[in-house]
Amino acid sequence: MEKKVLKAYPSAEAFLKEADQFDKGTPVYVDSDLGNGSKGEEVSKEISQMGFTNIYLATGYRSTDFGPLPWLKGIVGKAPPWSV
């Protein structure tokens, strides 16, 4: 079994500063509500423009609560992907 490493960031800015060290195929999970009025929907688009292709919006809201977000691979709940 291949070992996986989880890297969590306290803010979008912290991730963006280190984003270049990750393969563009790395799964990136962005919370919808990032605090201070920042929305994960907007930050995830910026991450997509950097070349990342496996971006997920993590939220407690239903996927139907959002408009089209074609840069996302999916909208998921807040449970970690290995526990689903």
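One can find the structure itself at the top, above this paragraph.
We now turn to the structure provided with this report. Keep in mind that this is a model prediction, so the values were computed, not measured.

Here is what the cut-offs are and how they apply
- Residue positions within a chain follow its written sequence, with the count starting from 1.
- Under the rules for a predicted model, residues below a pLDDT of 70 receive no local features and side-chain atom pairs below 80 are neither given nor counted, while totals for whole chains, interfaces and linings still include all residues.
- As a rule here, side-chain values come from all non-hydrogen atoms in the structure, and water together with hydrogens is ignored.
- Runs of H or I in DSSP of at least four residues are treated as helices and runs of E of at least two as strands, each being numbered from the N terminus.
- Note that the radius of gyration is over C-alpha atoms, with the globule rule given as 2.2 Å times the number of residues to the power 0.38.
- Here the rule is simple: two strands pair whenever DSSP picks up at least two bridges between them.
- Only C-alpha atoms enter the line fits that serve as axes; for helices the fit covers just the stretch in contact. Angles between N-to-C directions range over 0 to 180 degrees.
- Only buried Ala, Val, Leu, Ile, Met, Phe, Trp, Tyr and Cys residues count toward a nonpolar core, and they belong to the same one when joined by side-chain atoms within 4.5 Å.
- Whether a residue is buried, partly exposed or exposed follows from its accessible area with a 1.4 Å probe, protein chains only, as a fraction of its type maximum: under 20%, in between, or over 50%, in that order.
- Whether two residues touch is decided by their heavy atoms; if any such pair falls within 4.5 Å, the residues are in contact.
- Place the viewer so that the strands point away; then a crossover is right-handed whenever the path from the first strand over the helix to the second strand goes clockwise.
- Only one rule defines a salt bridge in this text: a Lys or Arg side-chain nitrogen within 4 Å of an Asp or Glu carboxyl oxygen.

1. Some details on the overall build of the chain
Secondary structure summary: the chain contains two helices and three strands in total. For the chain, the succession of helices and strands along the chain, N to C, is α-β-α-β-β. Over its C-alpha trace the chain gives a radius of gyration of 13 Å, about what one expects of a compact globule, namely 12 Å for 84 residues. Seen along its three principal axes, the alpha-carbon backbone of the chain occupies a region of about 35 × 30 × 25 Å.

2. Some remarks on the sheet that holds strand E3 (residues 74-76)
Across the sheet, three strands lie side by side as E1-E2-E3; this open sheet has parallel pairing. Looking at the sheet topology across the chains shown, the edges are occupied by strand E1 (28-31) and E3. If you compare each strand with its neighbour and ignore which way they point, the axes differ by 30° on average.

3. Here we look at the nonpolar core
Judged by nonpolar contacts, the single largest core of 13 residues is most densely connected at Phe15, Val28, Ile47, Phe52 and Ile55. Where this core is concerned, the elements lending two or more residues are helix H1 (12-18), E1, helix H2 (40-49) and strand E2 (55-58). Excluding its chain neighbours within four sequence positions, the residues that come into contact with phenylalanine 15 are Tyr9, Phe22, Val28, Ile47 and Phe52.

4. A look at the pairing of E2
On E2, burial covers both faces: Ile55 and Leu57 on one face and Tyr56 and Ala58 on the other are all buried. Note: E1 against E2, four bridges, orientation parallel. Looking at the pairing, tyrosine 29 lines up with tyrosine 56 of E2. Read as a crossover between parallel neighbours, the route from E1 over H2 to E2 is right-handed. With three bridges connecting them, E2 and E3 associate as parallel partners. Within E3, the position partnered with alanine 58 by the bridge is valine 76.

5. Quick word on the pattern of salt bridges
Applying the stated criterion across every chain yields a total of three salt bridges. Put simply, lysine 78 and aspartate 31 hold a salt bridge, and the shortest N to O gap is 2.8 Å. Here lysine 78 is found in the segment after E3, whereas its partner aspartate 31 is found in strand E1, with 47 residues between them in sequence. For lysine 78, a relative accessible area of 53% gives the class exposed. Assessed through its relative accessible area of 26%, aspartate 31 is described here as partly exposed.

6. So, unusual backbone geometry
Look at asparagine 36: it is not a glycine, yet its phi comes out positive at around 55°. Taking the relative accessible area as the measure of exposure, asparagine 36 reaches 88% and is therefore exposed.

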